[in-house]
Amino acid sequence: MEISSKINGWRTRVFVWIGLPVIAGIGLMLGVGDLVPAWQAKGGGGTTGTFTAVSEECSRRNCTWHGDFVAEDGKKRADVILYDAPEALTTGATAPARDTGARKGVFSTDGGSTWLLVTALTLAGAVAGVAWVVFLVGVVRRRRAERVADEAFAAVVEER
């Protein structure tokens with residue numbers, strides 16, 4: 001039995017037709033751009049330098065430090081996020097960091113789990129995208145087969 005024929009119920013249909021593409025879009029848009037930089041930081045790559053904390057933005061579950069990064073070669077990036085920031089960081093304090101080309105920030109040299117989060121987000125987006133495409137292909141095939149069967153039935157009926 002095909003997957004598409006098992007899908008019934010409005011919740012399942014909403015998930016398949018709206019949820020999967022949304023998950024795929026969000027996961028891929030937010031994850032793909034930072035996937036390589038996060039893994040490079042995990043592996044110790046990138047340009048090392050110093051992050052200076054300017055402001056902290058907190059939500060219910062976590063806080064994010066914004067500040068300026070100055071590489072050892074003198075290049076600067078203003079208003080960036082410090083991923084995996086040390087807990088003892090305060091406004092005006094500095095922390096060693098590395099720039100691997102992430103869109104919005106630099107990574108703490110102490111390491112952390114941002115690479116895992118970005119990987120999971122990208123993987124979830126890719127899996128949702130593939131699942132949605134597989135579902136669409138199944139629907140198209142089923143509808144084509146139904147149309148061919150209807151045409152064959154109509155031809156048989158005309159012959160009688």
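Each value, and the rule that gives it
- Residues numbered from 1 in each chain as written.
- Predicted model: local features only at pLDDT ≥ 70, side-chain atom pairs only at ≥ 80, totals over all residues.
- Heavy atoms only, no water.
- Helix = DSSP H or I, 4+ residues; strand = E, 2+ residues; numbered from the N terminus.
- Phe/Tyr/Trp six-rings, centres within 6.5 Å; stacked < 30°, edge-to-face > 60°.
- Lys NZ or Arg CZ within 6 Å of the ring centre and 35° of its normal.

*Asks:* For this particular structure, what's the right way to read unusual backbone geometry?
*Replies:* Residues other than glycine predominantly adopt negative phi, and peptide bonds predominantly adopt the trans conformation. In this structure, D79 is a non-glycine residue whose phi angle is positive, near 50 degrees. Turning to its location among the elements, D79 is positioned in strand β3 (residues 76-83). Residue D84 is not a glycine yet carries a positive backbone phi of 60 degrees. You can see D84 is positioned in the loop between β3 and β4 (94-99).

*Asks:* Honestly, the packing of aromatic side chains in this entry has me stumped. Any pointers?
*Replies:* The geometry of an aromatic ring pair is captured by two quantities: the separation of the ring centres and the angle between the planes. Enumeration according to the criterion identifies 3 aromatic pairs in this entry. Between W39 and W115 the ring centres are 5.0 Å apart and the planes differ by 70 degrees, which places this aromatic pair in the edge-to-face class. Of the two residues, W39 sits in helix α2 (residues 10-42) while W115 sits in helix α3 (residues 114-159), which places them 76 residues apart along the sequence. Seen from the ring of W115, K42 lies directly overhead, with NZ or CZ sitting 4.8 Å from the centre.

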